[in-house]
Structure formats: structure tokens, C-alpha cells
Amino acid sequence: METKLYQNRTFDTVDYSDQSLSNTEFVNCEFINCNFSKSDLSHNDFLDSTFKNCNLSLAVLKNTGLKNIKFIGCKLMGLDFSASNSFLFSMSFQDCLLDYSTFIYKKLKKTNFIDCSLKDVDFSNTDLSLAAFKNCDLSNATFAECILEKTDFRSSRNYAFDPSENKIKGTKVSHTALAGLLEKFDLDIE
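Residues numbered from 1 in each chain as written. Predicted model: local features only at pLDDT ≥ 70, side-chain atom pairs only at ≥ 80, totals over all residues. Heavy atoms only, no water.

Undergrad: Run through the sheet that holds strand 4 (residues 30–32), naming residues and quoting values.
TA: Strand-to-strand pairing in sheets goes through backbone hydrogen bonds, with the strands running parallel or antiparallel. With respect to topology, seven strands assemble into an open sheet ordered 2-4-6-8-9-10-11, the strand pairing being parallel. In this open sheet, the two edge strands, each paired with only one partner strand, are strand 2 (10–12) and strand 11 (132–134). Going from strand to strand, the sheet's axes swing by 10° on average, the running direction of each strand aside. Pairing of strand 8 (residues 69–72) with strand 9 (residues 91–94), which is carried by four bridges, proceeds in the parallel orientation. Among the inter-strand pairings, Phe-71 is bridged to a residue of strand 9, identified as Phe-93. (Pairing = 2+ DSSP bridges. Helix = DSSP H or I, 4+ residues; strand = E, 2+ residues; numbered from the N terminus. Axes fitted to C-alpha atoms, helices over the stretch in contact; angles between N-to-C directions.)

Undergrad: Explain the nonpolar core to me, using residue names and the numbers behind them.
TA: Residues Phe-93, Phe-113, Phe-123 and Phe-143 are the most contacted members of the largest nonpolar core, which totals 46 residues. In this structure, Phe-143 is in contact with Phe-123, Leu-128, Phe-133, Leu-138, Leu-148, Phe-153, Ala-160, Phe-161 and Asn-166, ignoring residues within four places of it in sequence. (Core = buried A, V, L, I, M, F, W, Y, C linked by side-chain atoms within 4.5 Å. Buried < 20%, exposed > 50% of the residue type's maximum accessible area, 1.4 Å probe, protein only. Contact = heavy atoms within 4.5 Å.)

Undergrad: I'd like a rundown of the side chain of Thr-151, residues and numbers included.
TA: Locating Thr-151 in the fold gives a position in the loop between strand 11 and helix 1 (178–181). Among all residues touching Thr-151, those that are not within four sequence positions of it are Leu-128, Ser-129, Leu-130, Ala-131, Phe-133, Thr-171 and Lys-172.

Undergrad: Tell me about the side chain of Asp-137, residues and numbers included.
TA: By the secondary structure assignment, Asp-137 is in the loop between strand 11 and helix 1. We classify Asp-137 as buried; its relative accessible area is 11%. Excluding residues that lie within four positions of it along the chain, Asp-137 makes contacts with Cys-116, Ser-117, Leu-118, Lys-119, Arg-157 and Asn-158.

Listed below in C-alpha cells is the structure:
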């Protein structure tokens, strides 16, 4: 089957919900107010593209290429990013709802999460070195066996991780969040 190619295109208010897209490559495209909820985006490639105010909740990302992608104001609930293609995997998130998503075993070096909700997100075995979580809610997010070296959590809230289970050299945290780092010790911190 031949791959379809879309370059330098803008897709505005398109409803892809519950649909399957396959063998398509999007290069330098912009998606505005599009609905991809419960879409099957497996085996597609997105390169140097931007999603603004889109809903991708529960979309299937099996072997989907996500290279240099910007998500702005998007709803990305329940996405399994760990199933996507790891080759050149890179993205940034601003004003996004990422609750219940999974990034297990992904390399997210230098990734920016700005003003995002990341409740119950699983970052297990993820490389988040030099990543920045700016003004994010990380309630019940899982950080197990992660590389968090020089990761910036200072302006975020509700994060907790075990320093003995993660690589944390140079990790930036707020003094108000120290209780979340000592949670496993069941201390009474005042």
C-alpha cells in the first residue's frame, strides 16, 4: 500500500473520531480544533507538526511516528505514548490535559510540559533528563526507575517519587515538595 504524503497543510475542525488513518505521513502540518478521539493512528508519521485545541483522547498510537510535535491546548487523555515509534520521538506540551496517559520506556530528554494536567500519568522507566515541568499538576503520577537528572519540577505541584528508585542528580524541586520525596518513609513533616 502506498504512503500518502501531506506537506505544509492546515487541517481545521476535521472530525477523525473513531476512524482509522493508515500509511499517511504529515510533514509540517497544523491541526486546529480537530477531533481524533478513539482514532486509530497506528503506522502513521507526524513530523514537525502542531496540534492546537485538538482532542486525541484514547487514540491508538501503535508504531506512530511523533517527531518534533507541539501540542497546544490539547486533550490527550488515556494515550499510550509507549506504543508509538521511538525513532526521533520528540514533542512538547503546553496547556494540555494528559491525565491517565503512559510514557513507559520513552526518551523525553529536554521535553517541556507547561501548564499541563498530568494526573495518574505513568512515566516508569522514562528518561526525563533536562525535562521541565512548569506549573503542572502531577497528582498520582508514577516515576519509577526514571532518569530525572537536571529535571525541573520547581513550579509544579503534587509530585512524588522515591529518590532511591530514580536517578536524580541535579533534579530541581521546590522545598515545599520535599514531603512528596520522603513519602515512603511515612514521616510526620510539619
